[in-house]
Amino acid sequence: MGYKNGKDILPPSLLKQLQDYIQGEIIYIPKKEQTRAGWGENNGTRQSIMRRNFEIFRLYENGHTVTELIRQFHLSEDSIRKIIVKTRGLYSRQQETASTRH
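Residues numbered from 1 in each chain as written. Predicted model: local features only at pLDDT ≥ 70, side-chain atom pairs only at ≥ 80, totals over all residues. Heavy atoms only, no water.

A. Looking closely at the nonpolar core. With nine residues, the main nonpolar core is built from Ile 56, Phe 57, Leu 59, Val 66, Leu 69, Phe 73, Ile 80, Ile 83 and Ile 84. Of all the elements in the fold, those that place two or more residues in this core are helix 3 (45-61), helix 4 (66-73) and helix 5 (77-101). (Core = buried A, V, L, I, M, F, W, Y, C linked by side-chain atoms within 4.5 Å. Buried < 20%, exposed > 50% of the residue type's maximum accessible area, 1.4 Å probe, protein only. Helix = DSSP H or I, 4+ residues; strand = E, 2+ residues; numbered from the N terminus.)

Shown next, in the form of structure tokens:
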């Protein structure tokens, strides 16, 4: 995000109209909704957390206790349990979708 002088980029009529609302201040103009990336989409955070959550679910399904997962991933018990429940739902929907394709 860069700083731009309104005189340099806005038509004079729009600049004059904006000055009715604000003068000598910095304002943030957000991107249009359709061009905004979702949280974590640009830097890979979303994918990284999804991989971590599936790993937590896989370990739990393979016999690791919630306590072990809390220690390993440094998350609260509530977070671990939410991840397991949510991921179980995603996993079963993926399995259902895969079985209907064959």
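B. The arrangement of unusual backbone geometry in detail. With a phi angle near 55°, His 74 is a residue other than glycine that sits in the positive phi range. With respect to the helices, strands and loops of the structure, His 74 is situated in the loop between helix 4 and helix 5. Residue His 74 is classed as exposed on the basis of its relative accessible area, which comes to 68%.

C. Local environment of the pattern of salt bridges. Applying the stated criterion to the full structure yields four salt bridges. Residue Asp 78 is joined to Lys 82 by a salt bridge in which the shortest nitrogen-to-oxygen separation is 3.2 Å. Taken together, the residues Asp 78 and Lys 82, both in helix 5 and four residues apart, mark about one turn of the helix. For Lys 82, a relative accessible area of 54% corresponds to the exposed category. (Salt bridge = Lys/Arg side-chain N within 4 Å of Asp/Glu carboxyl O.)

In short, the description is geometric, and any link to function would need to be established separately.
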